Amino acid sequence: MKAFGFLSFGHYADVPGSATRTAGDMLKQTIEIAEGADEIGVNGASVRVHHWARQAASPMPLLSAMAARTKRIEVGTGVIDMRYENPFQFAEEAAALDFIADGRIALGVSRGSPETALRGYETFGYVDEEDPERGSVLAREKFDLFLRAIDGEGLAPGDPRMVGAGRYLAIEPQSPTLRDHIWWGSGSRATADETGRKGLNMMSSTLVTEATGQPFHELQREQIELFRSAYKEAGHTGRPRVSVSRSVFPLVSDMDRAYFGLRSEENADQIGVIDGFRSTFGKTYAAEPDVLIAQLKQDEAVMAADTLLLTIPNQLGPEYNLHVLEAFATHVAPALGWQPNTEGPVQGDAV
């Protein structure tokens, strides 16, 4: 692990105990957390993207504001659901964001997780004829179009009266660094292999869609190794990035112990079913800093990845979430190999 960031689910609700009552609260507080994290030296600020729910849903305005208000931190998503996206509009917006952020972006994309709406992407106007229930074919087809668009391929026939005969037009703007900042959210061996072969970066969350009896961190570490092998076998020569997500809470105050002390007694992986797949869910880490260091050093996926994203309880407000990030930066991260954002952009491992 070289770097760590935060991943906010962007929840908001007008309920007792929440500091994030409205969508406006959530958006402004996320920007505030990103600004504070940037000053602490945190490397990344990411948001989950969900539709038809009281969560962050339209990331580009939020990421643009986060990028404009910070200096060094990388802004991104975990993940954008391609079933809901127009690939060409997304390509234009992503390139614009890359320019605004001076390359400080990490756009995680995938088919997305289950939504509260039944095939909500159809209401957005997108239909998957081959896989109507999950939309997986639709997501991959649109993602492939997105990659072709950001690679500068001419995809729209030009009007001969405007541009001459036989010319095909590429989307604008074109950012030459954008493809280096695209991540695929992978949860299985097959998607890890595919991500490597496409030469993308890989993002893996707090679950994998496998349940073999192995510990979660071992399954995830095997997927990371498969990704890197596929990247190399495909002939790519870059330094691909890998991030994993964890719920990690250093217990350094009475408030920490009140919120998360019981989690330290529930320190185990879970098996469940998500989206029809039997899956393994990673455990929550909540302990004194010295115990956390020892536990995370034993987490093979955390140590194999270059970036660890900490899922944060955003409804507890900016002050408390920045306390969690600062506690991790001060008491835990240095022992794991952390390099603060003042040392420059995060580099992936050579394959």
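Residues numbered from 1 in each chain as written. Predicted model: local features only at pLDDT ≥ 70, side-chain atom pairs only at ≥ 80, totals over all residues. Heavy atoms only, no water.

Section: the overall build of the protein chain
Within the protein chain one finds 13 helices and 14 strands. The C-alpha atoms of the protein chain give 20 Å as radius of gyration, which agrees with the globular expectation for 351 residues (20 Å, within 12%). Within the protein chain, the proportion of its 351 residues that are buried is 50%. The contacts of the protein chain with a sequence gap of at least 6 include a subset with a gap of at least 24, amounting to 73%. Of the roughly 15,300 Å² that the protein chain leaves accessible, carbon and sulfur atoms contribute 52%. (Helix = DSSP H or I, 4+ residues; strand = E, 2+ residues; numbered from the N terminus. Rg over C-alpha atoms; globule rule 2.2 N^0.38 Å. Buried < 20%, exposed > 50% of the residue type's maximum accessible area, 1.4 Å probe, protein only. Contact = heavy atoms within 4.5 Å. Areas by Shrake-Rupley, 256 points an atom, 1.4 Å probe, with all protein chains shown as cover.)

So, the pairing of strand 1 (residues 3–8)
Within strand 1, six of the six residues are buried, which leaves it mostly tucked inside the rest of the structure. In this structure, strand 1 lies alongside strand 14 (residues 307–312), joined through six bridges in parallel fashion. The residue bridging G5 from the neighbouring strand is L309, located in strand 14. Here strand 1 pairs with strand 2 (residues 44–47) via four bridges, running parallel. Note on strand 2: the bridge partner recorded for G5 is G44. The handedness of the strand 1 to strand 2 crossover, carried by helix 1 (residues 23–40), is right-handed. (Pairing = 2+ DSSP bridges. Right-handed = clockwise from strand over helix to strand, strands pointing away.)

Things to note about the layout of surface pockets
The space that makes up the second largest pocket amounts to roughly 590 Å³. Contributing to the lining of the second largest pocket are 29 residues, with D180, H181, N201, R241 and V346 lying nearest its centre. For the lining of the second largest pocket, the residue count by class is eight nonpolar, 12 polar and nine charged. (1 Å grid on protein atoms, 1.4 Å probe; cavity = no way out; pocket = protein on both sides within 12 Å on 5 of 7 lines; lining within 4 Å. Points joined across faces, edges and corners; volume = space filled by probe spheres on them. Nonpolar A, V, L, I, M, F, W, Y, C, P; charged D, E, K, R; others polar.)

What about the pattern of salt bridges?
Applying the stated criterion to the full structure yields 24 salt bridges. The salt bridge involving K2 is made with D349; its shortest N-O contact spans 3.0 Å. Taken as a pair, K2 in the segment before strand 1 and D349 in the segment after helix 13 (333–336) lie far apart in primary sequence, 347 residues in all. With its nearest N and O atoms 2.9 Å apart, the salt bridge here joins D306 to R241. Of this pair, D306 sits in the loop between helix 11 (300–304) and strand 14 while R241 sits in the loop between helix 8 (216–233) and strand 10 (242–250), and the two are 65 residues apart along the sequence. Connected through shared salt-bridge partners, R140, D144, E194 and K198 make up one network. (Salt bridge = Lys/Arg side-chain N within 4 Å of Asp/Glu carboxyl O.)

A closer look at empty space enclosed by the protein
Summed over all chains, the structure comprises three cavities of 30 Å³ or more. Taken as a whole, the largest cavity encloses approximately 90 Å³ of empty space. In terms of lining, the largest cavity is formed by 13 residues, of which the most central are S46, E74, A106, T307 and L309. Mapped by element, the contributors of at least two residues to the lining of the largest cavity are strand 2, strand 3 (74–81) and strand 14. Tallied by class, the residues present in the lining of the largest cavity amount to six nonpolar, five polar and two charged. Space inside the second largest cavity adds up to approximately 40 Å³. Considering the residues around the second largest cavity, the lining is formed by R140, F143, W184, E194, T195, K198 and L200. Class assignment for the residues of the lining of the second largest cavity results in three nonpolar, one polar and three charged.

Thoughts on the environment of G108
Topologically, G108 is positioned in strand 4 (residues 105–110). Sequence-wise, G108 and V42 are 66 residues apart; in three dimensions their C-alpha atoms are separated by 18 Å. Leaving out residues up to four positions away in the same chain, G108 has contacts with T77, V79, I80, W183 and M203.

So, the packing of aromatic side chains
Taken as a whole and assessed by the stated rule, the structure comprises 13 aromatic pairs. Pairing F143 with F146 gives two aromatic rings, centres 6.0 Å apart and planes at 25 degrees, and the pair type is stacked. Here F143 pairs with F146, and both are found in helix 5 (residues 136–150), just three residues apart, close to one helical turn. Judged by its relative accessible area of 1%, F143 falls in the buried class. Using a relative accessible area of 0% as the deciding quantity, one classes F146 as buried. Three or more aromatic residues joined by ring pairs form one cluster here, namely W52, Y84, Y121 and F124. A cation over a ring is seen here: R48 above F9, with NZ or CZ 4.4 Å from the ring centre. (Phe/Tyr/Trp six-rings, centres within 6.5 Å; stacked < 30°, edge-to-face > 60°. Lys NZ or Arg CZ within 6 Å of the ring centre and 35° of its normal.)

Quick notes on the packing of helix 2 (residues 59–68) against helix 3 (residues 87–100)
Orientation of helix 2 relative to helix 3, taken along the N-to-C sense of each, is 10 degrees, at an axis distance of 9 Å. Taken together, the axis directions place helix 2 and helix 3 in an arrangement best described as roughly parallel. Of the residues in helix 3, those touching helix 2 at M60, L63, S64 and A67 are F90, E93, A94, L97 and I100. In the contact of helix 2 with helix 3, the residues fall into seven nonpolar, one polar and one charged. (Axes fitted to C-alpha atoms, helices over the stretch in contact; angles between N-to-C directions. Parallel < 35°, antiparallel > 145°, perpendicular 65-115°, else oblique.)

What to know about the nonpolar core
In globular proteins that are soluble, nonpolar side chains generally tend to be buried together. By size, the foremost hydrophobic cluster in this structure holds 68 residues, and its most contacted members are F4, F90, L107, F143, F146, L325 and F328. Looking at which element gives the most residues to this core, the answer is helix 5, with six residues. F249, L251, Y320 and V324 belong to the second-largest nonpolar core, a separate cluster that totals six residues. (Core = buried A, V, L, I, M, F, W, Y, C linked by side-chain atoms within 4.5 Å.)

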